[in-house]
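Structural overview for review
So you can see what is in the structure, the chains are spelled out below.
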Amino acid sequence: PPVPRRHTNRKVLLANRCVLSLVLALMPSGNLTITVEVHGPEPAAGKARASATSAAMLVAQGKASPVEALSQAFGDDLLARSPNESAVEDVSCGVCYAHVLGTSVPDVFCNRCKQAFHTPCLMTWLTAERHARATRGVALTTLSGPCPYCGAELRIAQ
């Protein structure tokens, strides 16, 4: 949200395999604070960290909302959504917590809990999950393992 009611935590996947972690907090005084962390390979993470820090300063000084500051720091395409996007597609990935990953929206859904995932995020999760299994077929590999939220079996073709 442009201005959180209390605390809002978000993770945004940036270019070059960097992740931006945001914590927005509305203080009792009414001031908005933003805490940013960037994780990823250097030097890309260093550049993103500098942009995130400048965005946090704009918010702290009251010169911009979090959305405006992040759009200014990283470019409008970081937070942009297509004009024909429907409300049904307005879901966040259960792994990276972002809506848009590059140009894709979450496209894999758990049948039990209905949580959405980006295919690359779920592949990364299942690859790291100790209970995941890879099944190799003639033309493709299927990766399967438990849903991070409810434990139901998830399968994804690589």
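Cut-off values and rules
- Residues numbered from 1 in each chain as written.
- Predicted model: local features only at pLDDT ≥ 70, side-chain atom pairs only at ≥ 80, totals over all residues.
- Heavy atoms only, no water.
- Pairing = 2+ DSSP bridges.
- Helix = DSSP H or I, 4+ residues; strand = E, 2+ residues; numbered from the N terminus.
- Phe/Tyr/Trp six-rings, centres within 6.5 Å; stacked < 30°, edge-to-face > 60°.
- Buried < 20%, exposed > 50% of the residue type's maximum accessible area, 1.4 Å probe, protein only.
- Arc of directions from axis to C-beta.
- Contact = heavy atoms within 4.5 Å.

1. What about the pairing of strand β3 (residues 32-39)?
- Judged from the 8 bridges that link them, strand β2 (residues 19-26) and β3 form a sheet pairing that is antiparallel. Within β3, the residue paired with V23 across the bridge is T35.
- As consecutive antiparallel partners, β2 and β3 are separated by 5 residues, and within that stretch G30 has a phi angle of approximately 95 degrees, a positive value.

2. Looking at the packing of aromatic side chains
- Inspection of every chain in the model, using the stated rule, returns 1 aromatic pair.
- The interplanar angle of 50 degrees and the centroid separation of 6.3 Å between the aromatic rings of F117 and Y149 together place this pair among those described as tilted. Linking F117 in strand β5 (residues 116-117) with Y149 in the loop between β7 (141-146) and β8 (153-157), this pair joins segments that are 32 residues apart in sequence.
- A relative accessible area of 41% means that Y149 is categorised as partly exposed.

3. Topic: helix α4 (residues 119-128)
- All of the buried residues along α4 are C121, L122 and L126. Here the buried residues of α4 occupy an arc of 125 degrees about the axis, which is enough to place them on one side. Among the exposed residues of α4, those oriented more than 90 degrees off its buried face are T124, T127 and A128.
- Taken together, the buried residues of α4 touch β4 (108-109), β5, β7 and β8.

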